[in-house]
Amino acid sequence: MVESRSPATEAPVRGRLTISEAAARTGLSAKMIRYYEQEGLFVPQARSAAGYRQYGETDLHALRFIRSARDLGFSLKQIAELTGLWHDRARASAEVKRLALSHIDALEAKAALLRGMAGTLRELAQRCHGDERPECPILQGIEDGVQDQASAGACHSDT
């Protein structure tokens, strides 16, 4: 889910910010900003004479773009592609749409897998008495392998 930003994080930048100030303004950690730079997703536009990163409004805008893409579940590789498309004003929107639709397909497949996992665990939990007995259908189901659970029975009777 894409998080909303508070007005304080959107205030105009006066001068240059440190990495910790940029982190506070974008909702990212300084470690993540450095990581995105290391991965080539982002390069700060300025450095101090001592070599420290300095951030301006353009940098914050780029970092917010990366964060929004991450919030939508895009991979680093996809974000690199999206960032390139974002900066390329001559790009065809069809490329952006292709990437988005491909990501939607992957998200829907992952959601279906997660729903299946939740259903399996729900079924195992329903079989578990949750009492003082050591027998546990949940642990047995995990031991037996999740894929085999559709045909597995309860580990013990109610008597």
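Conventions adopted
Residues numbered from 1 in each chain as written. Predicted model: local features only at pLDDT ≥ 70, side-chain atom pairs only at ≥ 80, totals over all residues. Heavy atoms only, no water. Helix = DSSP H or I, 4+ residues; strand = E, 2+ residues; numbered from the N terminus. Contact = heavy atoms within 4.5 Å. Areas by Shrake-Rupley, 256 points an atom, 1.4 Å probe, with all protein chains shown as cover. Axes fitted to C-alpha atoms, helices over the stretch in contact; angles between N-to-C directions. Parallel < 35°, antiparallel > 145°, perpendicular 65-115°, else oblique. Left-handed = near helix turned anticlockwise from the far one by under 90°. Salt bridge = Lys/Arg side-chain N within 4 Å of Asp/Glu carboxyl O. Core = buried A, V, L, I, M, F, W, Y, C linked by side-chain atoms within 4.5 Å. Buried < 20%, exposed > 50% of the residue type's maximum accessible area, 1.4 Å probe, protein only. 1 Å grid on protein atoms, 1.4 Å probe; cavity = no way out; pocket = protein on both sides within 12 Å on 5 of 7 lines; lining within 4 Å. Points joined across faces, edges and corners; volume = space filled by probe spheres on them. Nonpolar A, V, L, I, M, F, W, Y, C, P; charged D, E, K, R; others polar. Expected span 1.5 Å × (residues − 1). Disulfide = S-S within 2.5 Å. pLDDT = per-residue confidence, 0-100.

Once that is clear, we can look at the overall build of the protein chain. Helix and strand counts for the protein chain stand at six helices and two strands. Ordering the α and β elements of the protein chain from the N terminus gives α-α-β-β-α-α-α-α. In the protein chain, once contacts between residues fewer than 6 apart in sequence are set aside, the share between residues at least 24 apart is 49%. By element, 56% of the accessible surface of the protein chain is carried by carbon and sulfur atoms, the whole surface being about 10,500 Å².

Our focus in this paragraph is the packing of helix α4 (residues 76-87) against helix α5 (residues 93-127). α5 packs onto α4 with a crossing angle of 155° between their chain directions and a minimal axis gap of 10 Å. It follows from the interaxial angle that α4 and α5 lie roughly antiparallel. Judged by the twist between their axes, the crossing of α4 over α5 is left-handed. Within the contact between the two elements, α4 uses Q78, E81, L82 and L85 and α5 uses E95, V96, R98, L99 and H103.

Before going further, it helps to examine the pattern of salt bridges. For the coordinates displayed, the defined rule picks out nine salt bridges. Across the pair E37 and R53 runs a salt bridge, and its minimum N-O distance is 2.5 Å. With a gap of 16 residues between them, E37 in helix α2 (residues 30-38) and R53 in strand β2 (residues 53-54) connect regions that are remote in the sequence. In this structure, the salt-bridge partner of D71 is R67, at a minimum N-O distance of 3.8 Å. With a gap of four residues between them, D71 and R67 both fall in helix α3 (residues 57-71), about one helical turn apart. Connected through salt bridges with shared partners, the residues E37, R47 and R53 form a single ionic network.

Okay, the nonpolar core next. Among the nonpolar cores identified, the biggest contains 22 residues, and I33, Y36, F42 and Y55 are the most heavily contacted of them. Sorting the residues of this core by element identifies α1 (19-26), α2, α3 and α4 as the ones contributing at least two each. The element best represented in this core is α3, accounting for five residues.

Below, the discussion takes up the layout of surface pockets. Here the largest pocket defines a volume of roughly 170 Å³. Per-element tally for the lining of the largest pocket: the top contributor is α3, with four residues. Classifying every residue of the lining of the largest pocket gives five nonpolar, five polar and two charged.

So, about α3. Under the 1.5 Å per step criterion, the end-to-end length of α3 is 21 Å for 15 residues, consistent within 8% with the ideal 21 Å. Residues of α3 that are buried: D59, L60, A62, L63, R64, I66, R67 and A69. Packed against the buried residues of α3 are α1, α2, β2 and α4. Phi turns positive, to about 90°, at G73, one or two residues after α3.

Here the structure, examined in full by the defined rule, presents zero disulfides. C136 provides the cysteine sulfur closest to C128, a residue in no disulfide bond, and the two sulfurs are 4.1 Å apart.

Here we come to the side chain of T83. Topologically, T83 is positioned in helix α4. Dropping the residues within four chain positions of it, T83 is found in contact with L41, F65 and I66.

In this section: the confidence of the model for the protein chain. Of all residues in the protein chain, 82% have pLDDT values of 70 or greater, and the mean over the chain is 85. Scored below 50 in pLDDT, residues 1-9 makes 16 contacts in the model with residues more than four places away or belonging to other chains. Across residues 149-159, confidence stays below pLDDT 50; counting only partners more than four residues off in sequence or on other chains, it has 20 contacts.

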